[in-house]
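Chains, contacts and geometry: an overview
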Amino acid sequence: MADVKLHGCWASPYSQRIQLALNLKGVSYEWVEEDTQNKSEKLLQYNPIYKKLPVIVHDGKPLPESLIILEYIEETWKNPPLFPEDPYERSRIRFWANFFDQKVLMAMRPIYACRGEEQEKAIAEFGENVTMMEKEIVKEFPAGKPFYSGERPGFLDVVVGSASSLIKVTERLIGVKLVDQERTPLLHSWLAAFAEFGITKDTMPDMDRFFARAVEAREKYLPSTSN
């Protein structure tokens, strides 16, 4: 039996980032698929505070919250490293990872769960935040490299790249381009490189299946958000 278990949902970018990190590290683990509408007793036991996915269980010890789990993975399995050695560079990566979660991913739900003015506002907010991120992070991105960490995905690449499927599915769902090659060329090429990188490509969800799930989820959200 594997001493690492990952409780997650195949369609969750937060769960996907943990899968990606473990795969990049070459860590064997047991995947435990959770139903987000009917969470298991084990999950509720492991994460009684937030009751959210993902949760990693290593040697019987559970740990929730994806960014915290990524840090744990980095400290437990050293190679290949996801962080650079320089403390300042590591701090910048943590800053941008938190920004992406709070300002970019958090704006995704109202985009596909709403319509009308509320949806337009969410799309505008998303656009402002990714443009702001692009403007600043281009100063730190290594020239000529596909990833923030260079030739291979690192910590920030995993955080940002794990949202690529969600962004594509949402664009298809609402018929609006959220990551535009002209407005945010760096982010556009960054996500494209991530989606085509060997290990990460094999980990990402099937897009047709993901789209079908998104359509179903949107139908549940819209009646309560529309007038």
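Residues numbered from 1 in each chain as written. Predicted model: local features only at pLDDT ≥ 70, side-chain atom pairs only at ≥ 80, totals over all residues. Heavy atoms only, no water.

- An unreviewed UniProt entry annotates the protein chain as Glutathione S-transferase originating from Acorus calamus.
- Regarding the protein chain, the relevant UniProt record gives this comment under Sequence similarities (unreviewed entry): "Belongs to the GST superfamily."
- Per UniProt, the comment on the protein chain under Subcellular location (unreviewed entry) is "Cytoplasm, Cytosol". (UniProt positions renumbered as here; feature names shortened; annotations may be inferred.)

Describing the packing of aromatic side chains
- According to the stated counting rule, one finds nine aromatic pairs in the structure shown.
- Look at W10 and F210: their rings are 5.9 Å apart centre to centre, the planes differ by 65°, and that puts the pair in the edge-to-face class. With a gap of 200 residues between them, W10 in the loop between strand 1 (4-8) and helix 1 (13-25) and F210 in helix 11 (residues 207-225) connect regions that are remote in the sequence. Of the two residues examined, W10 and F210, each falls in the buried class.
- Between F141 and Y148 the ring centres are 6.0 Å apart and the planes differ by 80°, which places this aromatic pair in the edge-to-face class. (Phe/Tyr/Trp six-rings, centres within 6.5 Å; stacked < 30°, edge-to-face > 60°. Helix = DSSP H or I, 4+ residues; strand = E, 2+ residues; numbered from the N terminus. Buried < 20%, exposed > 50% of the residue type's maximum accessible area, 1.4 Å probe, protein only.)

Thoughts on the side chain of E134
- Turning to its location among the elements, E134 is positioned in helix 6 (residues 116-137).
- Put simply, E134 is tucked away with no salt bridge, and the nearest opposite charge, on R183, sits 8.6 Å away.
- Ignoring sequence-local partners within four residues, the contact set of E134 consists of T184, P185, L186 and L187. (Lys, Arg positive; Asp, Glu negative; His and termini not counted. Salt bridge = Lys/Arg side-chain N within 4 Å of Asp/Glu carboxyl O. Contact = heavy atoms within 4.5 Å.)

Concerning the environment of L6
- When you line up the elements, L6 lands in strand 1.
- Judged by its relative accessible area of 0%, L6 is buried.
- Along the chain, L6 and Q119 lie 113 residues apart, while their C-alpha atoms are 33 Å from each other.
- Filtering out sequence-adjacent residues up to four positions away, L6 remains in contact with S15, I18, Q19, L22, Y29, E30, W31, V32, P54, V55 and I56.

Details of helix 3 (residues 66-76)
- Among the residues making up helix 3, those that are buried are S66, I69, L70, E71, I73 and E74.
- Tucked into the core, helix 3 has its buried residues touching helix 1, strand 3 (55-58), strand 4 (61-64), helix 4 (87-104) and helix 7 (155-161).

Re the sheet that holds strand 1
- The strand order across the open sheet formed by four strands is 2-1-3-4, and the pairing between neighbours is mixed. Strand pairing shows two members of the sheet lacking a second neighbour, strand 2 (30-33) and strand 4, which therefore form its edges. Taken over all neighbouring pairs, the strand axes of this sheet differ in orientation by 20° on average, direction set aside.
- Two elements, strand 1 and strand 2, share four bridges in a ladder whose sense is parallel. Of the residues in strand 2, the one forming a bridge with K5 is E30.
- Strand contacts of helix 1: strand 1, strand 2 and strand 3, with the helix running at about 155° to strand 1, the strand carrying the most contacts.
- Taken strand by strand, helix 3 contacts strand 3 and strand 4, and its axis lies near 130° from that of strand 4. (Pairing = 2+ DSSP bridges. Axes fitted to C-alpha atoms, helices over the stretch in contact; angles between N-to-C directions.)

Some remarks on the packing of helix 6 against helix 9 (residues 185-196)
- The geometry of helix 6 relative to helix 9 is characterised by a closest axis approach of 8 Å and an angle of 90° between their N-to-C directions. Comparing their axes, helix 9 and helix 6 come out roughly perpendicular. Judged by residue contacts, V130, M133, E134 and I137 of helix 6 engage P185, L186, L187 and W190 from helix 9.
- In terms of residue class, the contact of helix 6 with helix 9 is built from seven nonpolar, no polar and one charged. (Parallel < 35°, antiparallel > 145°, perpendicular 65-115°, else oblique. Nonpolar A, V, L, I, M, F, W, Y, C, P; charged D, E, K, R; others polar.)

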